[in-house]
Amino acid sequence: MHRIVVVGGGAGGLELVTRLGDKYGRGKDVQITLVDRSLSHIWKPLLHEVAAGVMDTATHQLSYVAQANWHHFEFAAGEMIGLDRATKTIRLAAVPAALDEGEGDLLPERTLAYDTLVLAIGSTTNFFGVAGAQENTIALDTVEQAERFRRRLMAACVRAQNAADEPVPSVAPASPAMSASHGVPDVHDMHEAQPGAGVVATRPIEARPKVNLVIVGAGATGVELSAELRNTAEVLRSYGLKLDPRKDVRITIIESSPRILKALPERVSGAVAGLLGKLDVDILCGDSVAEVRKREVTTTGGRVLPADITVWSAGITAPAVLGTLGLAVNRLNQIEVLPTLQSKTDPDIFAFGDCASCEWPEHGFVPPRAQAAHQQASFLVKAIDARLKGQNLPAFTYRDFGSLVSLGKFSAVGNLMGGLIGGSMFIEGLFARVMYTSLYRMHVAALHGVWRMMLDTVANRLRRSTVPRVKLH
């Protein structure tokens, strides 16, 4: 029996084992196993929506155990912590029990044998050695981190509202407060004067407590999160939160490059910057972060920004474990692969997605995007089939179909490439939003089939009509 082990249940890894399971899982000649440290899957490009509270993970997470049962592969829970190429085994860390699951580990440290190993463990946040960044910011690599951000956001808004509601007592003057410049009662400093009582003054708008949110990095994640946070602030206002969604919730993006979305065409970048400006999102380009403290961010340009919550989305690197496996890696710890997606060190090991460094002739390297992982997963189904038959493996060719950036309910912007277009086409508004949504639906179709995807779409639409637009607790 040929043992195929896929490590990483992200967008590409889960699509790969699903298709391999459908193709070989019912037979006795091939065994397919998925390894992941989590028990469920969520499409990573949606994590900014989880963080903003506009997506409930309970309705979009997919259990690996259930998917394995439906598509005839096996699932092994655990984090890969080692590789023995001589014995063709990987080592999995023990799975600890939760606080309410009793003492000891749920699963012990163990090994898993393979004949073909596929690494698809994605990427993690790169803090670039900035002082205080790892300790005082929140990354958006996992559902747990996104949920942590959402809870802190809700708490910060509640605290700001309570602080704004607190009366500011002052000594009762003999006459109403007079404006120093005009000699008339100053309505900004006086709430109501009552005989024999002190004056209760409201806070001037500029002095009211604000929720200060700082996002480091203006790539797709940072930009999309900023728009969703503005939407969340407006929704919370409709649910009774007494904060001005534009003036009391301040959102700032810091980007070291001269413009946001530096990996996308300038027209897309400019259009998105204009839309964010209309949403009162402050953009600081050409300035990088020097230090992050618990309540403030200092830039190399000398700015000191107050920050109730700081999100770090400034870059990615491959997980550190890849540098310990004895495989050739680049400076970002990505595994260097051949055009066949085989490791340059070991032909029995493949790697793809964010954790792989794959050359893209005349362009550099395949970018770390969901569409690249999807294309590589489809390619590996064919490549592994050729390997099982003893045939020569084909070479992977990446096709760039463009990029889309969602600004939530406000808009979407992007460019489409290739196919019938014959070049690049700029799109914006409703059409771009439909195209962006279709990317996730294509992922769902790859996992469940078209009919189940359509039913899931309808079910989500119906569910959204009976639940709050923002997850409140």
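Quick summary incoming for the structure in this document. (Residues numbered from 1 in each chain as written. Predicted model: local features only at pLDDT ≥ 70, side-chain atom pairs only at ≥ 80, totals over all residues. Heavy atoms only, no water.)

**Some thoughts on a nonpolar patch on the surface**
Note the following rule: Like charges are joined within 9 Å and nonpolar side chains (Val, Leu, Ile, Met, Phe, Trp, Tyr) within 5 Å, but only among residues with over 30% relative accessible area and no salt bridge; these make up the patches. For the accessible areas, the method is Shrake-Rupley and the probe is 1.4 Å, while residue cover comes only from the protein chains on display. By definition, a salt bridge exists where a carboxyl oxygen of Asp or Glu is found within 4 Å of a side-chain nitrogen of Lys or Arg. Exposure classes here rest on a 1.4 Å probe applied to the protein chains alone. A residue is buried below 20% of its type maximum, exposed above 50%, and partly exposed in between.
Nonpolar side chains collect at one region of the surface, where Val450, Trp451 and Met454 lie side by side and expose about 370 Å² of accessible area between them. Look at Trp451 and you get exposed, because its relative accessible area is 67%.

**What to know about the sheet that holds strand β6 (residues 80-84)**
Basically, it comes down to this: At least two DSSP bridges between two strands are needed for those strands to be called paired. Strands are runs of DSSP state E lasting at least 2 residues, helices are runs of H or I lasting at least 4, and numbering of each runs from the N terminus. Axis definition: a line fit to C-alpha positions, over the contact stretch in the case of helices; interaxial angles, taken between N-to-C directions, run 0 to 180 degrees.
Spatially, three strands are ordered β6-β7-β10 in an open sheet, and the strand pairing comes out antiparallel. Where the open sheet ends on each side, the last strands, each with one partner, are β6 and β10 (110-113). Geometrically, the sheet is characterised by an average inter-axis angle of 25° between neighbouring strands, direction not taken into account. Note: strand β7 (residues 89-92) against β10, four bridges, orientation antiparallel. Paired with Thr89 across the bridge in β10 is Ala113.

**Some remarks on the nonpolar core**
Applicable threshold: We call a set of buried Ala, Val, Leu, Ile, Met, Phe, Trp, Tyr and Cys residues a nonpolar core when their side-chain atoms join them within 4.5 Å.
Ranked by size, the top nonpolar core spans 57 residues in total, and within it Leu16, Leu83, Ile90, Leu117, Leu119, Leu341 and Leu380 carry the most contacts. Take this core: its biggest share by element is seven residues, from helix α8 (residues 370-388). Ranked by size, the runner-up nonpolar core spans 52 residues in total, among them Ala146, Ala160, Ile260 and Leu276.

**Focus: the pattern of salt bridges**
Working definition: two side chains of opposite charge can pair if their charged atoms are close together. Across all of its chains, the model carries 17 salt bridges by this definition. Among the salt bridges present, the one from Glu109 reaches Arg91, with a minimum N-O distance of 3.1 Å. With Glu109 in the loop between β9 (105-107) and β10 and Arg91 in strand β7, this pair connects stretches of sequence that are 18 residues apart. Among the salt bridges present, the one from Glu234 reaches Arg246, with a minimum N-O distance of 3.2 Å. With a gap of 12 residues between them, Glu234 in helix α6 (residues 220-238) and Arg246 in the loop between α6 and β16 (249-255) connect regions that are remote in the sequence. Given a relative accessible area of 21%, Glu234 falls into the partly exposed group. By relative accessible area, Arg246 is classed as partly exposed at 29%. The network of salt bridges with shared partners includes Lys88, Asp348 and Arg387.

**Details of the pairing of β7**
In terms of strand pairing, β6 meets β7 through four bridges, oriented antiparallel. Paired with Asp84 across the two strands is Thr89, which belongs to β7.

**Quick look at unusual backbone geometry**
Positive phi is not limited to glycine here, since Asp280 has a value of about 60°. Tracing the backbone shows Asp280 in the loop between α7 (266-278) and β17 (281-285). Taking relative accessible area as the criterion, Asp280 reaches 40% and is therefore assigned partly exposed.

**Notes on the sheet that holds strand β2 (residues 30-36)**
To summarise the sheet geometry, strands pair through backbone hydrogen bonds and adopt either a parallel or an antiparallel arrangement. Taken in spatial order, the five strands line up as β5-β2-β1-β11-β24 in an open sheet, and their pairing is parallel. The strands lining the two open edges of the sheet, one partner per strand, are β5 (74-77) and β24 (349-351). Averaged over all adjacent pairs, the angle separating strand axes in this sheet is 20°, with direction ignored. In the sheet, strand β1 (residues 2-7) pairs with strand β11 (residues 116-119) via four bridges, with the strands oriented parallel.

**Quick look at the side chain of Asp36**
The criterion, for reference: Only four residue types enter the tally: Lys and Arg on the positive side, Asp and Glu on the negative side; His and the chain ends are excluded. Throughout this description, a polar contact denotes any pair of N or O atoms lying within 3.5 Å of each other; where both atoms belong to protein, one of them has to be capable of donating a hydrogen while the other can accept it, and for residues adjacent in sequence the pair is counted only when both atoms sit in side chains. Note on definitions: a residue-residue contact is assigned when non-hydrogen atoms from the two residues lie within 4.5 Å.
Relative to the assigned elements, Asp36 resides in strand β2. In this structure Asp36 is buried but unpaired, with Arg37 as the nearest side chain of opposite charge at 5.6 Å. Here the side chain of Asp36 touches Gly9 through a polar contact of 2.7 Å, landing on its backbone nitrogen. Only 2.8 Å separates the side chain of Asp36 from the backbone nitrogen of Ser38, close enough to count as a polar contact. The contact partners of Asp36, leaving out residues within four places of it in the chain, are Gly8, Gly9, Tyr64, Phe75, Ala76, Ala77 and Gly78.

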